[in-house]
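Spelled out from the first residue to the last, the chains are:
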Amino acid sequence: MNDTLARLEAFGANWRGELETHAHVVFHVAPRKEAGGTPVQIADGFVLRHGFSPIGFHWEMLDLLADVGESRSARGAFVDALEKDLVMRSDWLGGERALACGEDFIRAFGPLHATILTNHIVRDGGKSEGWNPISTATFEWAFLGFDESAIALLLLTAED
């Protein structure tokens with residue numbers, strides 16, 4: 001198993017239980033086999049292989065270096081997704097734990113070649129303004145990450 005796959009497996013083992021307290025968790029990890037393609041093509045190909053809908057250019061590429069409050073911040077997107085439950089009724093991880101979860105997901109990938117996308121539209125201030133669904137769930141938030149050696153889908157879903 002390569003280093004990225006091992007770190008992703010550890011992420012899943014460390015966070016699944018906490019994430020499942022307020023969402024159904026789908027976490028798929030695989031070695032990267034395709035040599036090229038745009039981030040959108042890579043994301044769509046992976047979600048299709050797992051039975052989800054491709055969303056094309058509706059994937060939002062996140063900024064791995066941006067601070068939490070900045071537009072399209074990967075860390076900010078994780079905080080926005082996990083601070084409260086997906087239905088926005090109750091606290092979930094809170095800001096500090098949500099940030100830690102995001103950091104662990106991001107750091108699982110090789111820093112020079114990591115790409116993180118989400119199906120949420122993330123605007124100034126880091127807050128989501130809706131999403132493009134890949135599943136049939138009422139509420140969802142997907143994160144897809146990859147580097148040169150591995151790819152992972154973290155899909156969180158909930159019903160009202």
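You'll find the structure just up there.
Note that the structure is a prediction, hence the values are computed from the model and not measured.

### Quick look at the overall build of the protein chain
From N to C terminus, the protein chain includes four helices and seven strands. Mapped from its N terminus to its C terminus, the protein chain presents α and β elements in the order α-β-α-β-α-α-β-β-β-β-β. Whereas a compact globule of 160 residues would reach a radius of gyration of roughly 15 Å, the protein chain reaches 14 Å, a difference of no more than 12%. In terms of its C-alpha atoms, the protein chain occupies a principal-axis envelope of roughly 40 × 30 × 25 Å. Out of the 160 residues belonging to the protein chain, those deemed buried represent 51%. Taking the intrachain contacts of the protein chain between residues at least 6 apart in sequence as the baseline, contacts between residues at least 24 apart amount to 60%. Per element, the accessible surface of the protein chain, about 7,600 Å² overall, is 53% carbon and sulfur. Distance from the positive charge centre (13 side chains) to the negative charge centre (24 side chains) of the protein chain: 3 Å.

### A look at the packing of aromatic side chains
Per the counting criterion, the structure on display carries seven aromatic pairs. Taking 3.8 Å as the distance between ring centres and 10° as the angle between the ring planes, the aromatic pair formed by Phe78 and Phe143 counts as stacked. One end of the pair, Phe78, is in helix α3 (residues 74-82); the other, Phe143, is in strand β6 (residues 139-146), with 65 residues separating them in the sequence. Looking at Phe78, the relative accessible area reads 0%, which means it is buried. Take Phe143: its relative accessible area is 0%, and that puts it in the buried class. Grouping aromatic residues by their ring pairs yields a cluster made of Phe11, Phe27, Phe78, Phe105, Phe109, Trp141 and Phe143.

### Description of unusual backbone geometry
In this structure, Arg72 takes a positive phi of about 60° despite not being glycine. Secondary-structure assignment places Arg72 in the loop between β2 (60-61) and α3. Owing to a relative accessible area of 40%, Arg72 belongs among the partly exposed residues under this scheme. In the Ramachandran plot, Met88 falls in the positive-phi region, its phi being about 65° despite a non-glycine side chain.

### Focus: helix α4 (residues 94-107)
An ideal rise of 1.5 Å per residue puts 20 Å on 14 residues; α4 measures up with 20 Å between its terminal C-alpha atoms. Listing the buried residues of α4 in full gives Ala98, Cys101, Gly102, Glu103, Phe105 and Ile106. Of the surrounding elements, those touching the buried residues of α4 are α1 (3-19), β1 (24-31), α3, β3 (115-118), β6 and β7 (150-158).

The rules behind these values
Residues numbered from 1 in each chain as written. Predicted model: local features only at pLDDT ≥ 70, side-chain atom pairs only at ≥ 80, totals over all residues. Heavy atoms only, no water. Helix = DSSP H or I, 4+ residues; strand = E, 2+ residues; numbered from the N terminus. Rg over C-alpha atoms; globule rule 2.2 N^0.38 Å. Buried < 20%, exposed > 50% of the residue type's maximum accessible area, 1.4 Å probe, protein only. Contact = heavy atoms within 4.5 Å. Areas by Shrake-Rupley, 256 points an atom, 1.4 Å probe, with all protein chains shown as cover. Lys, Arg positive; Asp, Glu negative; His and termini not counted. Charge placed at Lys NZ, Arg CZ, Asp CG, Glu CD. Phe/Tyr/Trp six-rings, centres within 6.5 Å; stacked < 30°, edge-to-face > 60°. Expected span 1.5 Å × (residues − 1).

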